[in-house]
Amino acid sequence: MNCWDILGIEPTGDRERIRQAYERQMKFASDNEARALEQAFREATGGMPAASVAAQPEPFAGEVRREQTEESGVESNAERALDAHEAQVVREVVIQIKALMNDNQRQQDAGIWKAILCEPPADQLPLRREIAKSLEPQIRPMAENGSFPRPVAQFLGDWFDWFSVRDANPEPDPRNYPDEEMSRDQASADQADQTPQMVNFWPAVIGWIVGLVILASLFGGMGG
């Protein structure tokens, strides 16, 4: 993986965008991933440490804007007239999600999905629709067939209005589990049955004791 794959963005000279991508990835990075992100950041910025980027000028901003305009000239019209910046955000989010799909452990965490997809401006409806369109061929079938944990699948179904995903991953409802309900009812019934049995046990014992005492008295009188 090159530095851009690690940062989750396309190649750019915009140091502010690089810094934002770096900070976004660092939120969930392990120690090894943090070191890789630091190295990727230095490569992307020409060896500059992360702490100094915000104070540096952005000499390539105009060039980057021209590149974005050229790359997205036809594509913006096809993407419901998203401007160059919005189209760039969509591409970066898709890159991050594809990177997430390569990590089996992190993709099980609904919080990471939310952190990527819900971060402004990616949470705006036009951008959400474009992101959904890009991810749908790969992500939607996996969410429907149980490849993700229920919290992840439910979030994706709600976020992208994928009704088939929500239908395939409903919230647990006790009414859908009659065996469990029957087990609880049976346990209660067994407990209720056991209580009278314990109550009826002692009178029987006392009765036997009294009977034995009476018999002993009778036989004692007869012997006398």
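Parameters at a glance
Residues numbered from 1 in each chain as written. Predicted model: local features only at pLDDT ≥ 70, side-chain atom pairs only at ≥ 80, totals over all residues. Heavy atoms only, no water. Axes fitted to C-alpha atoms, helices over the stretch in contact; angles between N-to-C directions. Helix = DSSP H or I, 4+ residues; strand = E, 2+ residues; numbered from the N terminus. Parallel < 35°, antiparallel > 145°, perpendicular 65-115°, else oblique. Left-handed = near helix turned anticlockwise from the far one by under 90°. Contact = heavy atoms within 4.5 Å. Core = buried A, V, L, I, M, F, W, Y, C linked by side-chain atoms within 4.5 Å. Buried < 20%, exposed > 50% of the residue type's maximum accessible area, 1.4 Å probe, protein only.

- Under an unreviewed UniProt entry, the name given to the protein chain is Molecular chaperone DnaJ, and the organism recorded is Marinobacter excellens LAMA 842.

1. Points about the packing of helix 5 (residues 84-101) against helix 7 (residues 125-144)
Now for step 1: Between helix 5 and helix 7, the least distance of the axes is 8 Å, while the angle of their chain directions is 20°. When the interaxial angle is binned, helix 5 and helix 7 end up roughly parallel. Once helix 5 is placed against helix 7, the crossing between them reads as right-handed. For the pair formed by helix 5 and helix 7, the contact residues are Glu86, Val89, Val90, Val93, Val94, Ile97 and Met101 on the first element and Leu127, Glu130, Ile131, Ser134, Leu135, Gln138, Ile139 and Met142 on the second.

2. Focus: the nonpolar core
Now for step 1: Counting residues in hydrophobic clusters, the biggest one holds 29 residues, and the most contacted among them are Ile97, Trp113, Leu117, Ile139, Leu156 and Phe160.
Now for step 2: Looking at this core, the elements that each hand over two or more residues are helix 5, helix 6 (110-117), helix 7 and helix 8 (150-159).
Now for step 3: Top contributing element to this core by residue count: helix 5, with 7 residues.
Now for step 4: Filtering out sequence-adjacent residues up to four positions away, leucine 156 remains in contact with Trp113, Leu117, Ile139, Ala143, Phe148, Asp161 and Trp162.
Now for step 5: Cys3, Trp4, Leu37 and Ala44 belong to the second largest nonpolar core, which has 11 residues in total.

3. With respect to unusual backbone geometry
Now for step 1: A cis amide bond links proline 120 to the next residue, proline 121, at an omega of 0°.
Now for step 2: One non-glycine residue, aspartate 161, lies in the positive phi region at around 55°.
Now for step 3: Along the chain, the position of aspartate 161 falls in the loop between helix 8 and helix 9 (163-168).
Now for step 4: Since its relative accessible area comes to 44%, aspartate 161 is described here as partly exposed.

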